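# Residue-level structure breakdown
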Amino acid sequence: MTGTSPIIRLSLNTFIRYYSIDPSKLVGEISRRMQSVGGYDYYNTLADAVCAKASGATQDEIEYILGRSSNPSEVAHNKAAYEAFECKFGKKKGLGVFEKKDEVKMCGGQLLILVNPLFYIETAKSFEVYNIWATQKPTLDRARAGVGVHLMKEAFRKSAPNYQYKMFDAVDGKTYSAVNNTIPQAVESVARSIVDLARNA
């Protein structure tokens, strides 16, 4: 199945969300996705603000970025998520923007999961790379976070195998780095379901 063109492309966080929802709801989600042209990135301002902070921007510049949406609930949500990030990582030395991005091919390349972690913390002992989860539903638990960590490791297995990959939950301020050994099989199973649904949508 090499050379197969992808039927569906998902971001890492969207895959985790699909992994988490009820199979009957997944049918509708995939159907809508296959019929729409591109989606709206609700967390774009959060990502830009985190990258600005990691690049040394001033507080005023960050406030400007966080306030640029015309949707008040989006502004409030992104500000709250940014404050959780700031509280946890804002004063840490070695904070930087993680420039690498890659993808994980599933089901012979029919599903592509785009992996684009936002920032890193570099210390004398480690290089920790973080993907941010800011969605309130579903909540990020250990198993769902493990899916994210597993897929980050897969994406950068060749280009950056020695980094530590972590999920940061910007809703409750927790960090996750463990991968349960049943996760790879579970991810494969969900990926197959997504491809089947996308093909039939």
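Everything quoted here is computed from the prediction, not taken from an experiment. (Residues numbered from 1 in each chain as written. Predicted model: local features only at pLDDT ≥ 70, side-chain atom pairs only at ≥ 80, totals over all residues. Heavy atoms only, no water.)

## As for the overall build of the protein
We count it as follows: Numbered from the N terminus, helices here are DSSP runs of H or I no shorter than four residues, and strands are runs of E no shorter than two. To get the radius of gyration, use the C-alpha atoms; to get the globule rule, take the number of residues to the power 0.38 and multiply by 2.2 Å. Only heavy atoms matter for contacts: two residues are in contact if any of them lie within 4.5 Å across the pair. Areas reported here follow the Shrake-Rupley algorithm with a probe of radius 1.4 Å; residue values treat only the protein chains shown as occluding. Under the convention used here, Asp and Glu are negative, Lys and Arg are positive, and both His and the chain ends fall outside the count. To locate a charge, take atom NZ for lysine, CZ for arginine, CG for aspartate or CD for glutamate.
Along the backbone of the protein there are seven helices and eight strands. For the protein, the C-alpha radius of gyration of 17 Å lies close to 17 Å, the compact-globule estimate for 201 residues. Counted over contacts in the protein with a minimum sequence separation of 6, partners at least 24 positions apart contribute 69%. Working note: accessible area of the protein is about 11000 Å², and carbon and sulfur atoms make up 48% of it. Taking the average location of the 26 positive side-chain charges in the protein and that of its 21 negative ones, the two points are 5 Å from each other.

## Things to note about helix α5 (residues 72-89)
Which entries qualify depends on this criterion: Expected helix span is computed as 1.5 Å times (number of residues minus one). Throughout this description, buried means an accessible area under 20% of the type-specific maximum (1.4 Å probe, protein chains only), exposed means over 50%, and partly exposed covers the range between.
Taking 1.5 Å per residue as the helical rise, α5 with its 18 residues ought to reach 26 Å, and the 25 Å between its terminal C-alpha atoms agrees with that figure. When we look at burial in α5, the residues that qualify are Glu74, Val75, His77, Asn78, Ala81, Tyr82, Ala84, Phe85 and Phe89.

## What about the state of the cysteines?
For clarity, the cut-off: Two cysteine sulfur atoms form a disulfide, by the criterion used here, when they sit within 2.5 Å.
Taken as a whole, this structure holds zero disulfides when the rule is applied. Lacking any disulfide linkage, cysteine 51 is separated from the closest cysteine sulfur, that of cysteine 87, by 19 Å.

## Describing the pattern of salt bridges
Formally: Only one rule defines a salt bridge in this text: a Lys or Arg side-chain nitrogen within 4 Å of an Asp or Glu carboxyl oxygen.
A full pass over the atoms with the stated rule returns nine salt bridges. A salt bridge links arginine 17 to glutamate 29; the nearest nitrogen and oxygen atoms lie 3.2 Å apart. Remark: glutamate 29 occurs in helix α2 (residues 23-35) and arginine 17 occurs in helix α1 (residues 12-20); sequence separation between them is twelve residues. The class of arginine 17 is partly exposed, set by a relative accessible area of 24%. Judged by its relative accessible area of 19%, glutamate 29 falls in the buried class. Linking aspartate 48 and arginine 68 is a salt bridge whose minimum nitrogen-to-oxygen distance equals 2.4 Å. Taken together, the residues aspartate 48 in helix α3 (residues 44-54) and arginine 68 in the loop between α4 (59-66) and α5 connect sequence positions 20 residues apart. Overall, the relative accessible area of 29% leaves aspartate 48 in the partly exposed class. Judged by relative accessible area, arginine 68 falls into the partly exposed class, the value being 41%.

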